[in-house]
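The chain contents come next:
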Amino acid sequence: MNLSTEYLGLKLKNPLIVGASPFCDNTHSAFALQDAGAAAIVMRSLFEEQVDAEQKALVHHVEISANSNAEGTSYFPNFDDYQLPPDQYLRQLENLKASLTIPVIGSLNGCRPGGWMDYAKRFESAGADAIELNLYQLVTDPELSGDEVEAAMLETVHSAASAVKIPVSVKLSMFHTSPANFTQAIEGAGAKGVVLFNRFYQPDFNIEELEVRPQLKLSDSSELLLRLRWLSIISPHSRGSLAASGGVHQTEDVVKALLAGAHVVQLVSVLLKHGPRYLTTLLAGLRHWMSEHGYEHIDQVRGAMNLKRCPDPAAFERANYQRILQSWRV
Ligand SMILES: Cc1cc2nc3c(=O)[nH]c(=O)nc-3n(C[C@H](O)[C@H](O)[C@H](O)COP(=O)(O)O)c2cc1C
């Protein structure tokens, strides 16, 4: 049975990759993931604000300290609170490349073109096999239109993709009016693939203290459904690679994401819950499912239920929304 797949032009031994997370801060845990069968790994993100803070400190010839970026950006973590400052990030990337045989993908996280994008080149020089660009942005300015936001994102993608020879993918938010169209625009700007989707961490309210509380909850399989829908819609039109990220916890989830059209699935929460060895369970489950259903190659599975090929395309569309609402009786 052949589980090999191609993602961003990289040849992978199977479709399971480790999504951006703290796992690769430590070469030992990255090695354990490779050992358990991970086909590639994505490092945690290096943030635009981290690089900006470091550059400001250099310009002003001051020591990078907890106070160096206090004004105007005080909601952001202090420079010293970020894990892996920029130079350490590059060193860790080199370490991972020296120790592992699987591809290592660096992650850059920002939304406007700027000095931080030099790091695309630095990632390439440090040996990254690809770059994942996370365009996370929360637009709170009512003057800013969706078109303007997307235009800035496309400019960012174009700057990164044209600065390097290695492939660049884009981790997208689910909140675009027309994700299929935007994916095509992203590919037009030079990206070799998209990751669907970024996961937002919704703050909660504390109604006693009247405070907003940030919180990080790990995902569960219910989050996969949104990814399945958009992978299914996007995959017939996309020329690039597609990664599912968010809510992949069981073998069935892996199979569903591939059927929807994903080239790879990214895993984070499930590995934080069960540890790297859980990859072996998922891979065994995938092999078992393929053999039970008569598939010999992962290419035969990919996209078999996308919008063009599924027996009931209306299930993805407005018709189904109406059917579901009409089905309730009280
Ligand atoms: C502890 C933690 C750290 C993360 N750090 C990053 C990051 O630095 N950059 C990024 O793009 N995503 C980051 N993510 C998001 C994951 O890459 C992934 O998109 C998200 O967890 C959904 O996948 P999952 O359902 O498999 O967890 C992080 C997630 C967790 C839980």
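Residues numbered from 1 in each chain as written. Predicted model: local features only at pLDDT ≥ 70, side-chain atom pairs only at ≥ 80, totals over all residues.

Student: Please clarify how the overall build of the protein chain should be interpreted in this entry.
Tutor: A count of helical and extended segments in the protein chain gives twelve helices and twelve strands. For 330 residues, the compact-globule estimate of 2.2 N^0.38 gives 20 Å, and the protein chain sits close to it at 20 Å. A principal-axis box enclosing the C-alpha atoms of the protein chain has dimensions of 65 × 50 × 45 Å. Considering the protein chain as a whole, with its 330 residues, one finds that 42% of them fall into the buried category. Sequence-distant contacts in the protein chain: of pairs separated by 6 or more residues, those separated by 24 or more amount to 72%. (Helix = DSSP H or I, 4+ residues; strand = E, 2+ residues; numbered from the N terminus. Rg over C-alpha atoms; globule rule 2.2 N^0.38 Å. Buried ≥ 20, exposed ≤ 12 C-beta atoms within 10 Å, placed from the backbone. Contact = placed C-beta atoms within 7 Å.)

Student: Sorry, what's going on with helix H1 (residues 27–36) here?
Tutor: Given 3.6 residues per turn, any residue in an α-helix points the same way as the ones three and four places further on. Of all the positions in H1, only Ala-30, Leu-33 and Gln-34 are classed as buried. Seen along its axis, H1 keeps its buried residues to an arc of 100 degrees; they face one direction. Considering only its buried residues, H1 is in contact with strand E3 (16–18), strand E4 (40–47), helix H3 (86–99) and helix H10 (278–292). (Arc of directions from axis to C-beta.)

Student: Explanation requested: the site of the ligand in the structure shown.
Tutor: Lining the immediate environment of the ligand, one finds 20 residues, of which Ala-20, Ser-45, Ser-219, Val-268 and Ser-269 sit closest. Listed by contribution, the elements that provide at least two residues to the shell around the ligand are E4, strand E5 (104–109) and helix H9 (269–274). Across the shell around the ligand, the residue classes tally to six nonpolar, eleven polar and three charged. (Near = placed C-beta within 6 Å. Nonpolar A, V, L, I, M, F, W, Y, C, P; charged D, E, K, R; others polar.)

Student: Just to check I follow, could you spell out the sheet that holds strand E12 (residues 264–267) for this structure?
Tutor: Hydrogen bonds along the backbone pair up the strands of a sheet, which may run parallel or antiparallel. Around the barrel, eight strands lie side by side as E3-E4-E5-E6-E7-E8-E11-E12; this closed barrel has parallel pairing. The sheet shows a mean angle of 25 degrees between the axes of neighbouring strands, direction not considered. Strand direction decides the pairing type here: strand E8 (residues 193–196) and strand E11 (residues 241–245), joined by four bridges, are parallel. Paired with Val-195 across the two strands is Ala-243, which belongs to E11. Strands in contact with helix H4 (residues 118–125) are E4, E5 and strand E6 (130–134); relative to E5, the strand with the most contacts, it is inclined by about 165 degrees. (Pairing = 2+ DSSP bridges. Axes fitted to C-alpha atoms, helices over the stretch in contact; angles between N-to-C directions.)

Student: Help me understand unusual backbone geometry in this model?
Tutor: As a rule of thumb, non-glycine residues mostly have phi less than zero, and peptide bonds are mostly trans rather than cis. Omega for the bond connecting Leu-196 with Phe-197 falls within 30 degrees of zero, at 0 degrees, which places this linkage in the cis form. Looking at the secondary structure, you find Phe-197 in the loop between E8 and strand E9 (204–206). One non-glycine residue, Leu-8, lies in the positive phi region at around 55 degrees. By secondary structure assignment, the location of Leu-8 is in the loop between strand E1 (5–7) and strand E2 (10–12). The exposure class assigned to Leu-8 is buried, which follows from the 24 C-beta atoms found within 10 Å. You will see that Leu-210, though not glycine, has its phi angle at about 50 degrees, which is positive.

Student: Before we go on, may I ask you to explain the packing of H1 against H3 in this structure?
Tutor: Packed helices, taken two at a time, are described by their axes: the angle between them and the distance between them. Packing of H1 against H3 brings their axes to within 10 Å, and their N-to-C directions diverge by 40 degrees. When the axis of H1 is compared with that of H3, the two are oblique. In this structure, the crossing between H1 and H3 has a hand that is right-handed. For the pair H1 and H3, the contacting residues are Thr-27, Ala-30 and Phe-31 in the first and Asn-95, Leu-96 and Ser-99 in the second. (Parallel < 35°, antiparallel > 145°, perpendicular 65-115°, else oblique. Left-handed = near helix turned anticlockwise from the far one by under 90°.)

Student: Teacher, can you tell me more about the pairing of E5 here?
Tutor: On any regular strand, side chains alternate: one points to one face of the sheet, the next to the other face. Within E5, six of the six residues are buried, which leaves the element mostly enclosed by the surrounding structure. Pairing of E4 with E5, which is carried by five bridges, proceeds in the parallel orientation. What sits directly across from Ser-45, in E5, is Ser-107. Across five bridges, the pairing between E5 and E6 is parallel. Within E6, the position partnered with Ser-107 by the bridge is Glu-132.

Student: Help me understand the pairing of strand E7 (residues 168–172) in this model?
Tutor: In terms of burial, E7 is a largely internal element, five of the five residues being buried. Side chains Val-168, Val-170 and Leu-172 project from E7 onto one buried face, and the interleaved Ser-169 and Lys-171 project onto a second face that is buried too. Alignment of E6 against E7, held across four bridges, turns out to be parallel. In the sheet register, Asn-134 faces E7, and the bridge partner there is Lys-171. Assessed by its sense of winding, the connection that carries the chain from E6 through helix H5 (residues 146–163) to E7 is right-handed. In the sheet, E7 pairs with E8 via four bridges, with the strands oriented parallel. Note on E8: the bridge partner recorded for Leu-172 is Leu-196. For the handedness criterion, the β-α-β arrangement of E7, helix H6 (residues 179–188) and E8 is classed as right-handed. (Right-handed = clockwise from strand over helix to strand, strands pointing away.)

Student: What's the story with the confidence of the model for the protein chain in this structure? I'm lost.
Tutor: Fine structural detail should not be taken from predicted coordinates in areas where pLDDT scores are low. This prediction gives the protein chain a mean pLDDT of 90; 91% of its residues lie at or above 70. Ignoring residues within four places in sequence, the model shows residues 63–74, a span with pLDDT below 50, making 15 contacts including any to other chains. (pLDDT = per-residue confidence, 0-100.)

Student: What is the right way to read the environment of Leu-46 from this model?
Tutor: Mapping Leu-46 onto the fold places it in strand E4. Between the C-alpha atoms of Leu-46 and Leu-108, which are 62 residues apart in sequence, the distance is 5.0 Å.

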